[in-house]
Amino acid sequence: MRIGELSQRTGTSRRLLRYYEDQGLIVAQRCANGYRSYDERFVDRVLQIRGLLDAGLPTRIIKQILPCLDKPRTIYFPDATPEMLATLEGERDRMSDRIHCLERNRDAIIEYLAAVREYGTG
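Now for a description of the structure that goes with this document. (Residues numbered from 1 in each chain as written. Predicted model: local features only at pLDDT ≥ 70, side-chain atom pairs only at ≥ 80, totals over all residues. Heavy atoms only, no water.)

This part covers a positive patch on the surface. A contiguous patch of positive charge on the surface is contributed by Arg 2, Arg 14, Arg 15 and Arg 18. The residue Arg 14 is located in helix α2 (residues 14-22) in this model. Look at Arg 14 and you get partly exposed, because its relative accessible area is 46%. (Patch = residues over 30% accessible without salt bridge, like charges linked within 9 Å, V, L, I, M, F, W, Y side chains within 5 Å. Areas by Shrake-Rupley, 256 points an atom, 1.4 Å probe, with all protein chains shown as cover. Salt bridge = Lys/Arg side-chain N within 4 Å of Asp/Glu carboxyl O. Lys, Arg positive; Asp, Glu negative; His and termini not counted. Charge placed at Lys NZ, Arg CZ, Asp CG, Glu CD. Helix = DSSP H or I, 4+ residues; strand = E, 2+ residues; numbered from the N terminus. Buried < 20%, exposed > 50% of the residue type's maximum accessible area, 1.4 Å probe, protein only.)

See the structure below:
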């Protein structure tokens, strides 16, 4: 698919997709006319990248953990410094806290909806 379709399917600007390519997060094939062509798998990859960026991870760390999101996995450890590991552990803990908060909020909404529905029918 061309960059415009990838952009539309992921809600990511073309400029940002080119940046991801410059950072080595995605790879485009070049057509004879010079246009970028992306494999279907990059739809999920771009969504994963966006989620990791939204979580606060820098692209240099995202580049290292992206292989963990693929199957089969090929994981490289050349830049796994103690600082990077501490950063990842901190991000993991922050994500877990956010997940817990979202679960509590979801459960509260479920209870509210159940109460409203019960009250409305009774």
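On to the packing of aromatic side chains, then. Per the counting criterion, the structure on display carries 2 aromatic pairs. Between the aromatic rings of Tyr 19 and Tyr 20, the centroid separation amounts to 6.4 Å while the plane-to-plane angle is 55°, which identifies the pairing as tilted. Its relative accessible area of 1% is what places Tyr 20 among the buried residues. Ring geometry for Tyr 38 and Phe 42: centres 6.3 Å apart, planes at 80°, overall edge-to-face. For the pair Tyr 38 and Phe 42, a shared accessibility class is recorded, and that class is buried. (Phe/Tyr/Trp six-rings, centres within 6.5 Å; stacked < 30°, edge-to-face > 60°.)

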